[in-house]
Amino acid sequence: MAQQAIVADNLMYRYGQLVAVDHISFNVAEGEILGFLGPNGAGKTTTVGMLTGQLRPKAGKATLLGMDVARQPEAVQAQIGVCFEIANLYEQMTGIENLKLFAQLFGVKNFDAQALLQRVGLDSRGKDRVAGYSKGMKQRLMVARALVNQPRILFLDEPTEGLDPVSAEAIRNLILEEKRRGVTVFLTTHDMLEADKLSDRVAFINQGEIAALDTPHNLKQRYGKRMVKAQVAAADGQLENREITLDTTETAAALQTLFSQEQVVTIHSEEASLEDIFIQVTGRGLA
Ligand code: ATP
């Protein structure tokens with residue numbers, strides 16, 4: 001079995017009386033992408049805070065690459081890259097200067113800022129001040145900054161939220177490239193489609209607890225209903241919609257009735273989305 005990059009063991013955090021993360025446990029294997037999904041206030045950021053050593057758990061323990069995060073925060077931080085939603089770049093400095101400053105802080109030798117900028121598609125803008133960058137460019141620079149120390153674990157918080165399609169795709173490709181290099185990715189998001197596309201496994205977090213954790217495929221097999229959706233022409237010529245659930249004892253008869261008694265115009269099958277399954281498991285949506 002691959003070594004565990006992240007082990008969360010009974011992690012708990014509360015702000016005053018409010019329990020934000022309620023004794024959660026999970027592992028992430030080296031080279032795995034875990035999508036960590038939940039609505040606003042579910043406890044995602046608090047969990048990342050505990051995993052990255054910014055928040056000290058009130059109970060439980062986080063272990064990264066075999067190191068206890070609370071006991072060896074600096075050794076852990078040298079091995080991880082963190083990219084949070086809020087841009088905290090030096091606006092008056094150029095892209096290259098921002099990256100070089102970070103490389104200095106990490107003590108990275110022979111740092112090639114230009115090569116890293118190229119990976120995020122910013123090589124032609126590296127000498128421009130960050131103040132003039134678009135939101136997507138800043139986000140790409142933040143992701144580049146998280147890669148400066150060639151981390152073995154990457155924590156990304158909503159990395160593509162609100163970005164134009166080109167920037168979002170550049171970031172998704174970069175995540176997959178890092179995975180191919182063996183990097184572990186902890187991806188916090190409420191974009192279910194993105195999580196489905198990128199993640200090896202997804203965890204659903206709701207009210208500080210993990211409601212489900214499995215591969216998207218297994219979650220769909222277990223909870224999702226596959227459907228056939230058809231449009232039929234009614235007697236008056238109008239189109240009407242029909243839905244038939246697959247994988248039940250009535251499916252075959254219902255399909256036969258559809259084809260023998262109705263005039264089918266279009267037909268396609270549809271898998272349940274992670275969003276549907278999230279609602280089924282937690283009783284609430286992500287919005
Ligand atoms: P979002 O998607 O909105 O970032 P989240 O899933 O990351 O949400 P957290 O930010 O971890 O959720 O918040 C979990 C709970 O803890 C929420 O009820 C939130 O209001 C509360 N909380 C978070 N930070 C603080 C704080 N500094 N002080 C008090 N309560 C907080």
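These numbers come from a predicted model, not from an experiment.

The rules behind each value
Residue numbers restart at each chain and count upward from 1, following the sequence in its written direction. Totals for whole chains, interfaces and linings use all residues, but because this is a predicted model, local features are given only for residues with pLDDT of at least 70 and pairs of side-chain atoms are given and counted only at 80 or more. Excluded from the side-chain calculations are hydrogens and water; all other atoms, namely the structure's heavy atoms, are used. For the purposes of this entry, the term helix denotes a DSSP run of H or I that reaches at least four residues, the term strand denotes a run of E that reaches at least two, and both are numbered from the N terminus. Any two residues having at least one pair of non-hydrogen atoms within 4.5 Å are treated as being in contact. For every accessible area listed, the method is Shrake-Rupley and the probe measures 1.4 Å; residues are considered covered only by the protein chains on display. Charge convention: Lys and Arg are scored as positive, Asp and Glu as negative, and His as well as the terminal groups of each chain are ignored. For this purpose, a charge sits on NZ of Lys, CZ of Arg, CG of Asp or CD of Glu. Each aromatic pair joins two rings of Phe, Tyr and Trp (for Trp, the six-membered one) with centres within 6.5 Å, and gets the label stacked for planes under 30 degrees apart, edge-to-face for over 60, and tilted for any other angle. We call a residue buried when its accessible area falls under 20% of the maximum for its residue type, exposed when it is over 50%, and partly exposed in between, using a 1.4 Å probe and counting protein chains only. Two conditions define a charge sitting above a ring: the NZ of Lys or the CZ of Arg must be within 6 Å of the ring centre, and it must be within 35 degrees of the ring normal. A fitted line through C-alpha atoms serves as each axis, taken over the contacting stretch for helices, and the angle formed by two N-to-C directions is quoted from 0 to 180°. Roughly parallel covers angles under 35 degrees, roughly antiparallel covers those over 145, roughly perpendicular covers 65 to 115, and oblique covers all other angles. Two helices crossing with the near one rotated counterclockwise from the far one by less than a right angle form a left-handed crossing, whereas a clockwise rotation gives a right-handed crossing. Three residue categories are used. Nonpolar comprises Ala, Val, Leu, Ile, Met, Phe, Trp, Tyr, Cys and Pro, charged comprises Asp, Glu, Lys and Arg, and polar comprises the others, including Gly. For two strands to pair, DSSP has to find at least two bridges joining them.

## A word on the overall build of the chain
And then number 1: Helix and strand counts for the chain come out as 10 helices and 13 strands.
And then number 2: Each principal axis of the C-alpha distribution contributes one length, and for the chain these read about 75 × 45 × 40 Å.
And then number 3: Restricting to contacts in the chain with at least 6 residues of sequence separation, those with at least 24 account for 66%.
And then number 4: When the accessible surface of the chain is totalled, it reaches about 14,700 Å², and 48% of it is carbon and sulfur.
And then number 5: For the chain, the distance from the average site of its 30 positive side-chain charges to the average site of its 35 negative ones is 8 Å.

## Details of the packing of aromatic side chains
And then number 1: For the coordinates displayed, the defined rule picks out seven aromatic pairs.
And then number 2: Measuring from ring centre to ring centre gives 5.5 Å for F155 and F186, while their planes differ by 45°; the resulting arrangement is tilted. One end of the pair, F155, is in strand β7 (residues 153–157); the other, F186, is in strand β8 (residues 184–189), with 31 residues separating them in the sequence.
And then number 3: Given a relative accessible area of 1%, F155 falls into the buried group.
And then number 4: Taking the relative accessible area as the measure of exposure, F186 reaches 1% and is therefore buried.
And then number 5: For the pair F204 and F278, a centre-to-centre distance of 4.8 Å together with 70° between the ring planes defines the contact as edge-to-face. Remark: F278 occurs in helix α10 (residues 274–282) and F204 occurs in strand β9 (residues 201–206); sequence separation between them is 74 residues.
And then number 6: Residue classification places F204 among the buried residues on the basis of a relative accessible area of 0%.
And then number 7: Aromatic rings pair up to connect F26, F36, F155 and F186 into one cluster.
And then number 8: When the ring centre of F102 is taken as reference, the NZ or CZ atom of R145 above it lies at 4.5 Å.

## A word on the packing of helix α8 (residues 216–223) against α10
And then number 1: Running from N to C, α8 and α10 cross one another at 60°; their axes reach a closest spacing of 10 Å. Comparing their axes, α10 and α8 come out oblique. Crossing hand, α8 versus α10: left-handed. Residues P216, L219, K220 and Y223 of α8 lie in contact with α10, whose contacting residues are L274, I277, Q280 and V281.
And then number 2: Considered class by class, the residues forming the contact of α8 with α10 number six nonpolar, one polar and one charged.

## Here's the deal with the pairing of strand β4 (residues 59–64)
And then number 1: Relative to β4, strand β1 (residues 4–15) runs antiparallel, the two sharing five bridges. Each bridged residue has a counterpart across the sheet, and for M12 the counterpart in β4 is A59.
And then number 2: When β4 meets strand β5 (residues 67–68), the two strands line up antiparallel, connected through two bridges. Counterpart to T63 in the pairing with β5 is D68.
And then number 3: Between β4 and β5, which pair antiparallel in sequence order, lie two residues; one of them, L65, sits at a positive phi of approximately 50°.

## Considering the pairing of strand β11 (residues 227–233)
And then number 1: With five of seven residues buried, β11 lies mostly within the body of the structure.
And then number 2: Taken together, the seven bridges between β11 and strand β13 (residues 263–270) define a ladder with antiparallel strand orientation. From the neighbouring strand, Q231 faces β13, where its bridge partner is T266.

## Some details on the packing of helix α5 (residues 135–146) against helix α6 (residues 165–180)
And then number 1: For the pair α5 and α6, interaxial distance at closest approach is 10 Å and the crossing angle is 10°. Relative to α6, α5 is oriented roughly parallel. The segment α5 lies against α6, with G136, Q139, R140 and V143 engaging S167, A170, I171 and L174.
And then number 2: Looking at side-chain class alone, the contact of α5 with α6 contains four nonpolar, three polar and one charged residues.

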